[in-house]
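Report on the structure
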2 protein chains.
Amino acid sequence: MGEESSGFSNTVEVCFSPVLFPVYFQDKDTVVVVIDVFRATTAICSAIDHGVEAVIPVATLEEATDYKQKGFIVGAERSAEVVEGFDFGNSPLFFKNGEFKGKTIVLTTTNGTKAIEMAKEASKVVIGSFSNLDAVADYVERLDKNVILLCAGWKDRFNLEDTLFAGALAQKLALNLRFSDLADSTQASIKLYNAAKDDMYGFLGESSHRKRLSRLNLEEDIIYCLKLNKSTNVPVLKDGKIVKG
Amino acid sequence: MGEESSGFSNTVEVCFSPVLFPVYFQDKDTVVVVIDVFRATTAICSAIDHGVEAVIPVATLEEATDYKQKGFIVGAERSAEVVEGFDFGNSPLFFKNGEFKGKTIVLTTTNGTKAIEMAKEASKVVIGSFSNLDAVADYVERLDKNVILLCAGWKDRFNLEDTLFAGALAQKLALNLRFSDLADSTQASIKLYNAAKDDMYGFLGESSHRKRLSRLNLEEDIIYCLKLNKSTNVPVLKDGKIVKG
């Protein structure tokens, strides 16, 4: 978008896959919001909301196993299921009784933690989910920098649910005149969100990942992941750990 | 989409950037439709419609220069403008008086010819544009294979106009029950096309490339590129040349 920039507005670009991230991420001063609605970033928000002190995101099962051996509580998900031998997968409901208050936990997932790893050179990495949509919008606005909304996707492919969240967030940012330089991907995301917002559950009815989670009887997770503004917490990456921002 | 496949239907996946193509292209038996609405694939269709025998797509200016020195008519476009020393850029209007009937010409463009080059290992490479939408849909249906709709994008980024064409084509394919396995990217493209179809010119009003072309006074090209079904020709790649399929 550089060539179109007016010089007075911040760019808002939606990146639909971690594979595309190097194309969009041209300036380390950029803010990156990592989005994995079903379910990694929603689970991280839920962990922080329920008192977890910090979440260490790791990209590989090897790193996760190392932490497990050191006595950490470790979540590991691959292809939507809990990996055998770990404490949990990436269900946001795992944290709801608050039993991990004050603890530092570890998480590796198919898509989300990989996206966080890719974004770590950015000036700020923010964890976005519908559960903290408005809080993330306010936080990002205050930073007043160019923004990339990085959709974790599904195994490097575009997915609908992350795009809807990107559209919801971009639309809020676009209300602020300092975020008026919207990439084509951002415009598309906003249009899709507005088509979906009155019934996101229905809109996602044919989406590949909602179908995948339904087959695994994770409807309760889906409903949690699509609920807006349960929380005002904004988890951010700090020294390799995700903590309350 | 493999894991969701019923086994009786062909997948239709929209790939939003050449960078993502290796993620989607897992099987050489797939058909790839290359899409660069503004303007490379529309220009190629126009060339074939106006009697050009074959278009040789080349990825680099060096190759284009070699052909020029051998006496070919060579088009070269970078960042929407004709490269100095070449015969034309990628305006579809260049061919309208039919003066290149029966000739083999050469073309290199910012995005489109790069996408064609990437797709060349596929079982069939088809050139898609709004000007031959219905003809491409019929042709691809008859091939009865998995399909990737490869959007050339803009410098590896998502763009709206290629997505709209992908949505239009995917929607036609989806009417045929053998093309019922629609990826999330395909569902998104169809929804965007339906939101846009009554006024594509207006819908694209804020798109980055339409603005870019408008600044260069290429409104007439834009109007040509958005007109549906001017032609029943289906250009395809055969032995490194694009010819009537």
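Report on the accompanying structure. (Residues numbered from 1 in each chain as written. Chains lettered and ligands numbered in written order. Predicted model: local features only at pLDDT ≥ 70, side-chain atom pairs only at ≥ 80, totals over all residues. Heavy atoms only, no water.)

Considering the packing of helix α6 (residues 160-174) of chain A against helix α7 (residues 184-196) of chain A
All names here are of chain A.
- Between α6 and α7, whose axes approach to 7 Å, the crossing angle comes to 100°. Here α6 is positioned roughly perpendicular relative to α7, judged by the angle of their axes. Along its contact with α6, which presents Thr163, Leu164, Ala166, Gly167, Ala168, Ala170 and Gln171, the element α7 presents Thr186, Ser189, Ile190, Leu192, Tyr193, Asn194 and Ala196.
- Partitioned by chemical class, the residues of the contact of α6 with α7 number eight nonpolar, six polar and no charged. (Axes fitted to C-alpha atoms, helices over the stretch in contact; angles between N-to-C directions. Helix = DSSP H or I, 4+ residues; strand = E, 2+ residues; numbered from the N terminus. Parallel < 35°, antiparallel > 145°, perpendicular 65-115°, else oblique. Contact = heavy atoms within 4.5 Å. Nonpolar A, V, L, I, M, F, W, Y, C, P; charged D, E, K, R; others polar.)

Digging into the relation of the copies chain B and chain A
- When chain B is fitted to chain A, the residual RMSD is 0.0 Å, and the transformation amounts to a turn of 180° plus an axial shift of 0.0 Å. When the rotation and shift are considered jointly, the pair of chain copies conforms to a two-fold rotation axis.
- An overlap of 100% is found between the interface residues of chain B and their copies at the interface of chain A, pointing to a shared contact surface. (Least-squares fit on C-alpha atoms with pLDDT ≥ 70 in both.)

What to know about the environment of Val82 of chain A
Residues and elements named next belong to chain A.
- With respect to the helices, strands and loops of the structure, Val82 is situated in strand β5 (residues 81-82).
- Each C-alpha atom of the pair Val82 and Ala135 lies 29 Å from the other, and the pair is 53 residues apart in sequence.
- When sequence neighbours within four positions are dropped, the list of residues in contact with Val82 reads Ala76, Phe88 and Gly89.

What about the packing of aromatic side chains?
- Summed over the entire model, instances satisfying the criterion amount to 21 aromatic pairs over all chains.
- With a centroid separation of 6.3 Å and 75° between ring planes, the pair formed by Phe95 of chain A and Phe100 of chain A is classed as edge-to-face. Considered together, Phe95 of chain A and Phe100 of chain A belong to a single accessibility category, that of buried residues.
- Cluster of aromatic residues (ring-pair linked, three or more members): Phe16 and Phe158 of chain A together with Phe16 and Phe158 of chain B.
- Sitting over the ring of Tyr224 of chain A, Lys230 of chain A keeps its end group 4.0 Å from the ring centre. (Phe/Tyr/Trp six-rings, centres within 6.5 Å; stacked < 30°, edge-to-face > 60°. Buried < 20%, exposed > 50% of the residue type's maximum accessible area, 1.4 Å probe, protein only. Lys NZ or Arg CZ within 6 Å of the ring centre and 35° of its normal.)

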